Amino acid sequence: MDPSLRSPNGFLSSLADDDFELIRPYLRTVDLVQDSVLAEAGEKLPRIYFPHRGVISLVVNLARGERVQVAMIGRDSLFGSMSLLTGGDPVVINSAAVIVPGIASVVDIDRVRAATEQSAAFRSLILRHALAIYVQSQQTAGCNAAHTVESRLARCLLQTYDLSGGNKLYITQESLAQMIGARRNSVSLVASTLQQADFIHYSRGHIEIIDLEGLKKTACECYGAVKGHYERLVRPRGQP
């Protein structure tokens, strides 16, 4: 089977035919509804998500109610890889919510666990995706601690563009603040600055990316670093 015809999800399309057959009969399609919570930290995860469109945000919940994003998952990967590595019950490490609506394939986590036991290649790919998400979370922590709100927002908008596949996004101001670990009023001011520079058009949560190169020049090095780590860890050899 031509991988490009199999699925718009990067993980599924990169599986060898035999490995894909281990889960193909059990896949089903669901809507990713904006702001819906897919799992809370500490819960058992019943299913794995393979986004076709849309973006899932992994967040840390703090004691005073703040929610800070540590990683994003879109059409390039899967949500649930870290839970598969915990051993025993598949417990969610970070809460997960949909920040950009879309569609995903889902499958019961037990089916995926069985596939990892049957195929070393399947297991290795899960591990590499989990590592890529871990590296992204580490880079995000450093970024939020060291870089300006403007560069962080540019980074997140570029990542969201890459993961969702579209330049027109609907992201609430609260979600933007969560994405970059900043206050909502700071997000509003910085979004206005990016709009004045003609990099984006921003109105009531509707964001249209107008100038990708301008955003890339504004973003910190973390955007390129996360992208580079993903390419090194996950992209199959020989794939352009």
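Relevant structure appears above.
A brief report on the enclosed structure follows. Source: prediction; values computed, not measured. (Residues numbered from 1 in each chain as written. Predicted model: local features only at pLDDT ≥ 70, side-chain atom pairs only at ≥ 80, totals over all residues. Heavy atoms only, no water.)

Thoughts on helix α5 (residues 109-118)
Buried within α5 are the following residues: I109, V112, R113, A115 and T116. What you see down the axis of α5 is that its buried residues fit within an arc of 155°, all on one side. Away from its buried face by more than 90 degrees, α5 exposes D110, E117 and Q118. (Buried < 20%, exposed > 50% of the residue type's maximum accessible area, 1.4 Å probe, protein only. Helix = DSSP H or I, 4+ residues; strand = E, 2+ residues; numbered from the N terminus. Arc of directions from axis to C-beta.)

Here we look at the sheet that holds strand β8 (residues 206-209)
The 3 strands are arranged β6-β8-β7 in an open sheet whose pairing can be described as antiparallel. The sheet is open, and its two edges are formed by β6 (168-170) and β7 (200-203), each paired on a single side. With strand direction ignored, the average angle separating the axes of adjacent strands in the sheet is 15°. Sheet topology places β7 next to β8; 4 bridges connect them, and they run antiparallel. Residue pairing for β8: S203 is matched across the bridge by H206. In the packing of helix α7 (residues 149-164) onto the sheet, the strands contacted are β6, β7 and β8, and the crossing angle to β8 comes to about 85°. (Pairing = 2+ DSSP bridges. Axes fitted to C-alpha atoms, helices over the stretch in contact; angles between N-to-C directions. Contact = heavy atoms within 4.5 Å.)

What to know about unusual backbone geometry
Positive phi values are uncommon outside glycine, yet D35 reaches one of about 75°. Secondary-structure assignment places D35 in the loop between β1 (28-32) and β2 (37-39). Look at D35 and you get partly exposed, because its relative accessible area is 46%. Look at D198: it is not a glycine, yet its phi comes out positive at around 65°. With respect to the secondary-structure elements, D198 resides in the loop between α9 (184-196) and β7. For D198, a relative accessible area of 52% corresponds to the exposed category.

Any functional reading would require information beyond the geometric quantities listed.
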